[in-house]
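The residues making up each chain are set out below.
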Amino acid sequence: MKFSEVIGQEEVQERLVQMVKEDRLPHAMMLCGPTGSGKMAIAVAFASYLLGEDNAMVQKLEHPDLHFTYPTIKLPSMSADHKPVSDDFAREWHELIMQGAYFTLDQWLTAIGAENQQAIITAGESDDLVRKLSLKSSQGGYKVSIIWLPERMNIECANKLLKLIEEPPSQTVFLMVCEEPDKLLETIRSRVQRIDIKKIPDEIIRQALIERRGIDEDSAQRISRLANGSWLKAMEALQAGSENEQFLDLFIMLMRLAYQRKVRDLRKWSETMAGFGREKQKRFLQFFLRMLRENFMSNFHQPELVYMTREEENFAKNFARFINEANILQLYDLANKAIRDIGQNANAKIVFFDFSLQMIVLLIQK
């Protein structure tokens, strides 16, 4: 991956390259920033720059001096005393990252079949890393260790990594890609150079959508605003179109039935919702919260503050007045309570029927 494949972030790219040119490259850096800002993409592109972008092994991310560390799980097939390491999931990792360096922890957990397991970086990983980095560079240059989500290291692993950072092997560069730096040991944070990655400007996302994804101008403009600085959210908006359309239909149906006080039909609506899996139910409720926010903001007639698709906007023209100062906080509380209840495995049919009945009362508060 080359720097040209990173979405925006030219300032950070130039800073990293300048460090190399001026021979003041730190041996350990931590790239911090919000999800979707391109931290991993920058790390991979910089590693490629250090190892030689035109090298075929680098292009395939199979260079012997490039090492990836990431959270793992314990599979049923593993022995009781085995500490999972990244190499146990090398095939899944390579498949995921070769599709692009923009992905979420959830996507990774799905790729390795984590289900409900918590993925961590074990002490076995740090032992493995010590062994790998103690070897001489195969090409006579840098050795690069990219550690994704170092905040997920257990304490034993973190302490071993600390020693490795304090006494790094020759010509080794550590690139930590971190989303929650406060969860890292202070002793590690104090020994790395932190580089903050900002959200991607809307205009950069808009241009990338047009140039790289062939999206039309109007759609690119809307998606870039919805993305709120995250390339991942922009990609999700492209991929989740059909589900969001379904959610909008369910939202409109709920509001119309509640306004008309059609209790029997609301029961059917709640049964439809109960038929979805819990994760999809929670995604709908998150969509519901977004619709509340956008419809409420529509009342202020400041388009730059509103982030909706064309279809959502069309419904909001007549509906937005029903989401106002009298009910917005109660509606928010209602949706968040439903999210909590679903997360705690409450009976979904009861949760959504109660949710819809309370909507009747709240919608008439004008």
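That block above? That's the structure.
The shown structure was predicted, so the numbers you read here are calculated from the model rather than taken from an experiment.

Draft legend 1. Structural detail: the overall build of the chain. Of regular secondary structure, the chain possesses 17 helices and five strands. The dimensions of the chain, computed from C-alpha atoms along their principal axes, are 75 × 50 × 35 Å. Buried positions account for 50% of the 366 residues belonging to the chain. Within the chain, counting contacts between residues at least 6 apart in sequence, those at least 24 apart form 75% of the total.

Draft legend 2. Representation of the nonpolar core within the structure. Residues Met40, Ile146, Trp148 and Trp231 are the most contacted members of the largest nonpolar core, which totals 62 residues. Leave out the neighbours within four places in its chain, and Ile146 touches Met40, Ala43, Val44, Ala47, Leu66, His67, Phe68, Thr69, Leu175 and Val177. Formed by 44 residues, the second largest nonpolar core is a distinct cluster that contains Phe251, Leu285, Met308 and Phe355.

Draft legend 3. The arrangement of helix α2 (residues 39-51) in detail. Over its 13 residues, α2 extends 18 Å from the first C-alpha to the last, a length consistent with the 18 Å expected when each residue adds 1.5 Å. When you tally the buried positions in α2, you get 12 out of 13 residues, the bulk of the element. Among all positions in α2, only Lys39, Met40, Ala41, Ile42, Ala43, Val44, Ala45, Phe46, Ala47, Ser48, Leu50 and Leu51 are buried. Just beyond α2, the residue with positive phi is Gly52, at close to 110°.

Draft legend 4. Focus on the sheet that holds strand β1 (residues 28-32). Sheet architecture is open: five strands sit in the order β2-β3-β4-β1-β5, paired in parallel fashion. This sheet does not close on itself; its edge strands, each paired only once, are β2 (66-69) and β5 (193-196). Strand-to-strand twist across the sheet, computed as the mean angle between neighbouring axes with direction ignored, equals 20°. Bridge analysis of β1 against strand β4 (residues 172-178) gives five bridges, and the strand direction is parallel. Among the inter-strand pairings, Leu31 is bridged to a residue of β4, identified as Val177.

Draft legend 5. Structural context of the side chain of Gln9. Mapped onto the elements, Gln9 comes out in the segment before α1 (10-21). Reaching out from Gln9, the side chain makes a polar contact with the backbone oxygen of Ser37 at a distance of 3.0 Å. Within the local environment of Gln9, its side chain forms a polar contact with the backbone oxygen of Lys198, the two atoms lying 2.7 Å apart. Sequence-distant contacts of Gln9, defined by excluding residues within four places in its chain, comprise Ser37, Ile42, Ile197, Lys198, Lys199 and Ile200.

Draft legend 6. Just the state of the cysteines, in detail. One pass over the structure, following the stated rule, counts zero disulfides. You can see Cys32 has no disulfide; the closest cysteine sulfur is in Cys178, sitting 4.8 Å from it. Accessibility expressed as a relative area gives 2% for Cys32, which makes it buried. Cys178 supplies the cysteine sulfur nearest to Cys157, a cysteine that is in no disulfide, at a spacing of 13 Å.

Draft legend 7. Representation of the packing of aromatic side chains within the structure. All chains considered together, the criterion is met by 23 aromatic pairs. Residue placement shows Lys280 over the ring face of Phe276; its charged tip is 4.4 Å from the ring centre.

Draft legend 8. Quick peek at the pairing of β4. With seven of seven residues buried, β4 lies mostly within the body of the structure. Where burial is concerned, the two faces of β4 agree: the one with Thr172, Phe174, Met176 and Cys178 and the one with Val173, Leu175 and Val177 are both buried. As judged from the six bridges shared by strand β3 (residues 143-148) and β4, these two strands associate in the parallel manner. If you follow Trp148 over to β4, its bridge partner there is Val177. In terms of handedness, the path from β3 via helix α7 (residues 155-166) over to β4 forms a crossover that is right-handed.

Draft legend 9. Spatial organisation of the packing of α1 against α2. The N-to-C vectors of α1 and α2 enclose an angle of 30°; their axes lie 11 Å apart at closest approach. The orientation of α1 relative to α2 falls into the category roughly parallel. Seen from above, α1 lies across α2 with right-handed handedness. Of α2, the residues touching α1 (which contributes Val12, Leu16, Val17, Val20 and Lys21) are Ile42, Phe46, Tyr49 and Leu50. Looking at the contact of α1 with α2, its residues break down into eight nonpolar, no polar and one charged.

Draft legend 10. Summary view of the pattern of salt bridges. Tallied over the full model, the rule gives 25 salt bridges. Lys183 is the salt-bridge partner of Glu180, the closest N and O atoms lying 3.2 Å from each other. A relative accessible area of 56% means that Lys183 is categorised as exposed. Residues Arg189 and Asp182 are paired through a salt bridge, measuring 3.7 Å at the closest nitrogen-oxygen approach.

Draft legend 11. Structural detail: the environment of Trp108. One can find Trp108 in helix α5 (residues 105-111). Not counting residues up to four positions away in its chain, the partners in contact with Trp108 are Tyr70, Pro71, Phe89, Glu92, Trp93, Leu96 and Trp148.

Draft legend 12. Up close: the environment of His82. Relative to the helices and strands, His82 resides in the loop between β2 and α4 (90-98). Residues His82 and Thr110, 28 residues apart in the sequence, show an inter-C-alpha distance of 22 Å. Apart from the residues within four sequence positions on either side, His82 is in contact with Lys74 and Asp88. A polar atom in the side chain of His82 sits 2.8 Å from the side chain of Asp88.

The rules behind the values
- Residues numbered from 1 in each chain as written.
- Predicted model: local features only at pLDDT ≥ 70, side-chain atom pairs only at ≥ 80, totals over all residues.
- Heavy atoms only, no water.
- Helix = DSSP H or I, 4+ residues; strand = E, 2+ residues; numbered from the N terminus.
- Buried < 20%, exposed > 50% of the residue type's maximum accessible area, 1.4 Å probe, protein only.
- Contact = heavy atoms within 4.5 Å.
- Core = buried A, V, L, I, M, F, W, Y, C linked by side-chain atoms within 4.5 Å.
- Expected span 1.5 Å × (residues − 1).
- Pairing = 2+ DSSP bridges.
- Axes fitted to C-alpha atoms, helices over the stretch in contact; angles between N-to-C directions.
- Polar contact = N/O pair within 3.5 Å; in protein donor to acceptor, adjacent residues only side chain to side chain.
- Disulfide = S-S within 2.5 Å.
- Phe/Tyr/Trp six-rings, centres within 6.5 Å; stacked < 30°, edge-to-face > 60°.
- Lys NZ or Arg CZ within 6 Å of the ring centre and 35° of its normal.
- Right-handed = clockwise from strand over helix to strand, strands pointing away.
- Parallel < 35°, antiparallel > 145°, perpendicular 65-115°, else oblique.
- Left-handed = near helix turned anticlockwise from the far one by under 90°.
- Nonpolar A, V, L, I, M, F, W, Y, C, P; charged D, E, K, R; others polar.
- Salt bridge = Lys/Arg side-chain N within 4 Å of Asp/Glu carboxyl O.

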